[in-house]
Amino acid sequence: MARDFYDVLGVDRGASADDIQRAFRRLARQYHPDVNKDPGAEDRFKEINEAYHVLSDPGTRSRYDRFGPDFRQIPEDFAGATAGGPRPQRGAGAGRATGGSRRAYTGGGINIDDLLSGLGGAGFDSIFDSFATDGSMAGADQEAELELSVEEAYSGGTRHVVLRTGEGERSYDVEIPPGVRDGQRIRLAGQGGQGSTRGDLYLVVRIRPHPRFRLDGRDVHVDLPLAPWEAALGTTVTLAGPGGELKVTVPAGTSSGRRLRLAGEGMPNPRGEPGHLYAVVQIMVPRHLERRERELFEELASVSRFDPRSEQR
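Residues numbered from 1 in each chain as written. Predicted model: local features only at pLDDT ≥ 70, side-chain atom pairs only at ≥ 80, totals over all residues. Heavy atoms only, no water.

1. A few points about the environment of Leu 203
Then, number 1: Examined against the element boundaries, Leu 203 turns out to sit in strand β5 (residues 201–207).
Then, number 2: When the C-alpha positions of Leu 203 and Leu 188 are compared, they lie 7.7 Å apart, and in sequence the two are 15 residues distant. (Helix = DSSP H or I, 4+ residues; strand = E, 2+ residues; numbered from the N terminus.)

2. Section: the pairing of strand β4 (residues 185–188)
Then, number 1: Covered by surrounding structure in β4 are Ile 186 and Leu 188 only, the residues Arg 185 and Arg 187 on the alternate face being uncovered.
Then, number 2: Bridge analysis of β4 against β5 gives four bridges, and the strand direction is antiparallel. Residue Ile 186 lies in a different strand from β5, and its bridge partner there is Leu 203. (Buried < 20%, exposed > 50% of the residue type's maximum accessible area, 1.4 Å probe, protein only. Pairing = 2+ DSSP bridges.)

3. Let's talk about the sheet that holds strand β7 (residues 219–226)
Then, number 1: As summarised here, the arrangement of the four strands in space is β6-β7-β11-β10, forming an open sheet in which the pairing is mixed. Edge positions in the sheet fall to β6 (214–216) and β10 (259–262), since each has one partner strand and no second. Strand-to-strand, the axes of this sheet are offset by a mean angle of 30°, without reference to chain direction. (Axes fitted to C-alpha atoms, helices over the stretch in contact; angles between N-to-C directions.)

4. Side note on the layout of surface pockets
Then, number 1: Considering only enclosed or pocket space, the largest pocket measures out at about 580 Å³ in volume.
Then, number 2: Along its surface, the largest pocket is lined by 15 residues, and Pro 228, Ala 232, Ile 283, Phe 306 and Pro 308 are the ones closest to its centre.
Then, number 3: Looking at the lining of the largest pocket, the elements with two or more residues in it are α8 (228–233), α9 (291–303) and α10 (308–311).
Then, number 4: Taken together, the residues of the lining of the largest pocket break down into 10 nonpolar, four polar and one charged. (1 Å grid on protein atoms, 1.4 Å probe; cavity = no way out; pocket = protein on both sides within 12 Å on 5 of 7 lines; lining within 4 Å. Points joined across faces, edges and corners; volume = space filled by probe spheres on them. Nonpolar A, V, L, I, M, F, W, Y, C, P; charged D, E, K, R; others polar.)

Structure (structure tokens):
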């Protein structure tokens, strides 16, 4: 007797769509044959795929909840009429594993293999191809990850994408909106699983960690190194932001840790106000002093009454 699909994914019967998706992604990473060579891993992966395919579609899940293992024998029209609700819609399905990975390459600096969630280099079709259908069920929507740098997310733009799949080579242009956020989904209509109609492909944006920029929503934080005299006397310096160079005015008497806000210079927002850029001051001192520099610092130390420790009290 087939296992209960909820048990297969390790979720309870009241699990949300997000809970089901998270469970599938976790188990897919664990049991995908490209990364798990244990005997039985492939069968387990197929079982996980089947459970997700059923439970991720609201209409199919409703039939499964009502009729159990016999749900496939119940016509959709009958199930919908009995429930008194609308006919099931296409859900966010995922496909079964196929016999071997197939690679997908792109132009414009994006590799579709990178869209997958780190599944050991598994190809696009090996995870997200739709289940075979008899033509009566709409193709499942599919989801994959699109990794971008902070700069790419800031500027947006069009990327030409080419996929090599079991059906041959498919190509299309992906429009990335300026200021796209981590977790945002980009819909490619009709590029998902096959069925009586083709599902959609959703690219989930993942923004890579950056060595300089730190994102907080649409706000961008970046360190601003200053020499002691620049911080003490005030200055205007050039700072590289995700969209290009910016001028930052540093007030006299600025200490390390102070945040200087550049309004509207954070991540763009096509539907509202952009974020801000915060330059976080870091005062730097020379590692090695020339003789004259040392003399000037010693002179400053002898005449200054400034005590930074007393400022903290």
